[in-house]
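Structural overview
One-letter residues, chain by chain:
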Amino acid sequence: MMHNSKTDNIEVVSNLIRLSKGEMVGVKYNRDKSWVGGSTGFYEPWLFLKISILYIFNLIRWKNLALILLVHILIKYALLEAFEVLTVLDNFHFFLLSLSVICIAAAGNIINDIYDVESDKINKPKRVLVGFKLSEKAAYNFYFGFNIIGVLLGFYLSNHIGKPTFFGIFVIASLLLYVYASFLKRTIIFGNLTISFLVGMSVLIVGVFDVIPAIFPPNRESQLVFFNIIFDYAIFAFLVNLV
């Protein structure tokens with residue numbers, strides 16, 4: 001506990017202590033002795049938590065994930081809802097779909113950074129997080145955590161819409177992101193094709209989960225029109241990322 005003279009309040013703080021030991025330098029006496037010194041400082045625990053969260057957000061590349069969410073929202077509400085297209089996902093389950101995609105993408109970004117630590121030390125030394133700002137163990141824990149959440153949500157949603165086989169999409173995406181980070185990234189052609197395919201799928205998955213299950217004989221033609229529009233968006237995303 002420490003008294004804050006500015007606010008006249010007692011605040012909770014954590015202390016940092018550094019101890020060091022060395023030879024006696026610049027003295028006439030006790031030259032054969034060792035010098036031991038220490039220092040202590042204080043910081044607010046919430047500040048440490050705030051900084052840690054910031055590192056995690058940078059690790060998962062939150063701006064890219066926000067873009068995925070924005071694309072999903074535009075497809076759902078500016079296209080499908082605006083034209084009164086029949087869909088199967090309510091707002092809550094649509095949110096779970098976006099969350100599952102974001103979690104798997106976040107896991108892919110983490111594993112990519114883990115495998116890129118050595119090269120990033122040379123090419124982008126100031127931007128390296130794993131092993132510096134966050135331990136490799138913590139990074140792996142976040143990787144597995146995001147993957148598990150994303151895949152489990154995919155399993156739930158696949159059964160919710162009556163298409164349990166669609167669960168495979170999430171498993172394949174997770175595996176491809178790992179293979180890309182660990183191997184395919186070193187191959188220019190296959191690496192770019194893999195990640196571009198996954199970018200396209202992050203767009204197309206809205207149509208797969210929200211439009212396809214709502215196709216019936218009477219509305220088949222109109223439903224396929226809007227699914228093809230989403231498919232065109234996915235192709236565009238694929239080509240933009242490929243180039």
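The structure contained in this document is the topic of the report that follows. (Residues numbered from 1 in each chain as written. Predicted model: local features only at pLDDT ≥ 70, side-chain atom pairs only at ≥ 80, totals over all residues. Heavy atoms only, no water.)

The calculated volume of the largest pocket comes to roughly 1,100 Å³. Along the walls of the largest pocket sit 39 residues, with Ile68, Ile195, Leu198, Val199 and Ser202 positioned nearest its centre. Residue composition of the lining of the largest pocket, by class: 29 nonpolar, 8 polar and 2 charged. In this structure, the second largest pocket spans a volume of roughly 270 Å³. Considering the residues around the second largest pocket, the lining is formed by Asn58, Arg61, Asp113, Val117, Asp120, Lys124, Lys126, Arg127, Val128, Leu129 and Val130. Its residues assigned to classes, the lining of the second largest pocket comprises 4 nonpolar, 1 polar and 6 charged. (1 Å grid on protein atoms, 1.4 Å probe; cavity = no way out; pocket = protein on both sides within 12 Å on 5 of 7 lines; lining within 4 Å. Points joined across faces, edges and corners; volume = space filled by probe spheres on them. Nonpolar A, V, L, I, M, F, W, Y, C, P; charged D, E, K, R; others polar.)

A word on the nonpolar core. If you look at the biggest cluster of nonpolar residues, it comprises 52 residues, and the most contacted ones within it are Leu80, Ile110 and Phe209. Counting only elements with at least two residues in this core, the list comes to helix H1 (45-59), helix H2 (62-80), helix H3 (91-115), helix H5 (136-160), helix H6 (167-182), helix H7 (188-210) and helix H8 (220-242). Counting residues per element, this core draws most heavily on H3, at 13 residues. Setting aside residues up to four positions removed in sequence, Phe209 forms contacts with Val88, Leu89, Leu97, Leu157, Ser158, Ile161, Phe166, Ile169 and Phe170. (Core = buried A, V, L, I, M, F, W, Y, C linked by side-chain atoms within 4.5 Å. Buried < 20%, exposed > 50% of the residue type's maximum accessible area, 1.4 Å probe, protein only. Helix = DSSP H or I, 4+ residues; strand = E, 2+ residues; numbered from the N terminus. Contact = heavy atoms within 4.5 Å.)

A positive phi angle, near 55 degrees, is found at Arg61, a position not held by glycine. Note on placement: Arg61 falls in the loop between H1 and H2. For Glu84, which is not glycine, the phi dihedral falls at a positive 55 degrees. Looking at the element boundaries, Glu84 is found in the loop between H2 and H3.

Over its 23 residues, H8 runs 32 Å from end to end, which matches the ideal 33 Å to within 8%, given 1.5 Å per residue. Regarding H8, the residues found buried are Gln223, Phe226, Phe227, Ile230, Ala234 and Ala237. Elements in contact with the buried residues of H8: H2 and H7. (Expected span 1.5 Å × (residues − 1).)

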